[in-house]
Amino acid sequence: MDIQELRTQIDTIDDQLVKLFAQRMEVAEKIGEYKKENKLPIFDPGRERAKLQDVAEKAGAGMEQYTRVLYAMLFELSRSYQSRTTSHMTQLNNDIAASIDNTPKLFPQTPMVACQGVEGAYSQIACEKMFKSPFIMYFKNFEGVFNAIEQGMCQYGILPIENSTAGSVKKVYDLMIHHNFSIVRSFRLKIDHNLLTNPGTKMEDIREIYSHEQAINQCSEFLKQFPNAKIIPVENTAVAAHIVSSSGRNDVAALSSRSCEALYGLTCLAACVQDKGNNHTRFICISKKLEIYPGADKTSIMMVLPHKPGSLYRILARMYVLGINVIKLESRPIPDRDFEFMFYFDLETSVYSQEFVQLICELDGLCEEFKYLGSYTEVV
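A brief report on the enclosed structure follows. Only a predicted model underlies this, so the values are computations on that prediction, with no experimental measurement involved.

The secondary structure content of the chain amounts to 13 helices and 15 strands. Compactness check: the chain gives a C-alpha radius of gyration of 26 Å against a globular reference of 21 Å for 380 residues, more than 25% above the reference. Dimensions of the chain, computed from the C-alpha atoms along their principal axes, are close to 80 × 55 × 45 Å. Within the chain, the proportion of its 380 residues that are buried is 47%. Pairs at least 24 apart in sequence give 75% of the contacts found in the chain among residues at least 6 apart. Carbon and sulfur atoms provide 54% of the accessible area of the chain, an area that totals close to 19400 Å². With 41 positive and 47 negative side-chain charges, the chain shows a spacing of 1 Å between the two charge centroids.

Structure (structure tokens):
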């Protein structure tokens, strides 16, 4: 038997499968309607476990696990189809719709913005890229930025969330668990680290190098030429430049932005010293109020899932069924809760799409806790 004959057999089987699948979904829809009328939950874990065991046994030796995977996806498809026809609008959906209607069409130009660090920080550079003429208030740490938003001191805050080479800024993710905020925009900033010193300093004189831990990680190869120098992490790359400038010493240096050279009267001994030329940091702009500006095509959410097998799979399968692309998935341990994690998702989906609306309607029933962080556009 040649391959064409085998493919013909597959096509014949597929024709039958498609018809049976359509019939199954029709029955699933009727079950969904019955559950809605009788106020029953869409998800019945006991029934699903029994059904998976039954089909696995019927499949026979060697096919059990494949059958379980197939039917697990079938169950997600059925639940998604049931939700599409039986779900009701949640309060969150109403809040999102109201925000779309009430948010100004033009992004603000001159707001008060909270940034971590001091003058010359990368957060400041990102802020000035997002806003035309912002008024900037500086805070010592990331928590200060969150607090400034929650307390109404600033309308917006700028926070670094991930770097293309050093990864996620985990301190920011950890703080997200404890603070209330909305993401209104994001921005990708090209990062170039430079070795800055006081005038007259030579490379061989350097005994201490200051910078933020992320910048230190991003310049690890360059720093190998200073085996005897002490590498000292500080709150911010601009803080590092300020420390060097204030010291008046000729044996210290900072890894910082080029703008800090003139700002703090320093000299650039080496430019663009990061390990990789394609070095970008993604910053988010947060606010206390939910704001959704025109064109929002990215959404961020956080959720706590049951600590049992398949919990994350159910979420990812539902997003797959709806055709929603997951562009970032981050997990962080929840303080004071043993082996429980908060999952952070960045999704690529228009806030105006039916798929987005359906997902938001369904998420509360798929996880233990759910937090919508906002829908926004990303500027590059």
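Once the structure has been displayed, the description carries forward.
Given 3.6 residues per turn, any residue in an α-helix points the same way as the ones three and four places further on. End to end, helix 4 (residues 91-102) covers 16 Å across 12 residues, agreeing with the expected 16 Å (1.5 Å per residue, within 8%). Listing the buried residues of helix 4 in full gives N93, I96, S99 and I100. End-on, the buried residues of helix 4 take up no more than an arc of 125°, which puts them together on one face. Residues Q91, D101 and N102 are exposed on helix 4 and point more than 90 degrees away from its buried face. Buried residues along helix 4 sit in contact with helix 13 (354-363) and strand 15 (369-379).

On to the pattern of salt bridges, then. Pairs may arise between side chains of opposite charge once their charged atoms sit close together. As enumerated under the stated definition, the model contains 20 salt bridges in all. Linking E76 and R79 is a salt bridge whose minimum nitrogen-to-oxygen distance equals 2.4 Å. Remark: R79 and E76 occur in helix 3 (residues 64-86); sequence separation between them is 3 residues, near one turn of the helix. When its relative accessible area of 1% is taken as the criterion, E76 is described as buried. For R79, a relative accessible area of 7% puts it in the buried group. Here E76 and R314 are joined by a salt bridge, their closest N and O atoms 3.5 Å apart. Here the residue E76 occupies a position in helix 3, and R314 occupies one in helix 12 (residues 311-321), the gap between them amounting to 238 residues. Taken as a pair, E76 and R314 share a single burial class, namely buried. Within the structure, one salt-bridge network assembled from shared partners comprises E162, K170, R188, R282, K328, E330, D346 and E378.

Grouped together as the largest cluster of nonpolar side chains are 27 residues, with contacts concentrated most on F146, L159, M176, I183, I286 and Y344. Mapped by element, the contributors of at least two residues to this core are helix 6 (142-150), strand 3 (156-163), helix 7 (170-176), strand 11 (280-287), strand 12 (298-304), strand 14 (341-348) and strand 15. The element best represented in this core is helix 6, accounting for 5 residues. If we skip the residues at most four places from it in the chain, I183 touches I284, C285, I286, E291, S300, Y344, L373, G374, S375 and Y376. In terms of nonpolar packing, the next biggest core, distinct from the first, is built from 23 residues, I96, F356, L363 and Y372 among them.

Now for the sheet that holds strand 6 (residues 194-197). Backbone hydrogen bonds are what pair the strands of a sheet, in a parallel or an antiparallel way. The 5 strands are arranged 8-7-9-6-10 in an open sheet whose pairing can be described as mixed. Of all the strands in the sheet, just strand 8 (230-233) and strand 10 (267-270) have a single pairing partner and so form its edges. Here the strands of the sheet are splayed against their neighbours by 35° on average, with no regard to which way each runs. Taken together, the 3 bridges between strand 6 and strand 10 define a ladder with antiparallel strand orientation. Counted as the bridge partner of L196 is C268 from strand 10. Here helix 10 (residues 237-247) sits on the sheet and contacts strand 6, strand 7 (208-211) and strand 9 (252-256); the angle it forms with strand 9, its principal contact strand, is near 155°.

Each value, and the rule that gives it
- Residues numbered from 1 in each chain as written.
- Predicted model: local features only at pLDDT ≥ 70, side-chain atom pairs only at ≥ 80, totals over all residues.
- Heavy atoms only, no water.
- Helix = DSSP H or I, 4+ residues; strand = E, 2+ residues; numbered from the N terminus.
- Rg over C-alpha atoms; globule rule 2.2 N^0.38 Å.
- Buried < 20%, exposed > 50% of the residue type's maximum accessible area, 1.4 Å probe, protein only.
- Contact = heavy atoms within 4.5 Å.
- Areas by Shrake-Rupley, 256 points an atom, 1.4 Å probe, with all protein chains shown as cover.
- Lys, Arg positive; Asp, Glu negative; His and termini not counted.
- Charge placed at Lys NZ, Arg CZ, Asp CG, Glu CD.
- Expected span 1.5 Å × (residues − 1).
- Arc of directions from axis to C-beta.
- Salt bridge = Lys/Arg side-chain N within 4 Å of Asp/Glu carboxyl O.
- Core = buried A, V, L, I, M, F, W, Y, C linked by side-chain atoms within 4.5 Å.
- Pairing = 2+ DSSP bridges.
- Axes fitted to C-alpha atoms, helices over the stretch in contact; angles between N-to-C directions.

No statement about biological role is implied by the geometric values presented.
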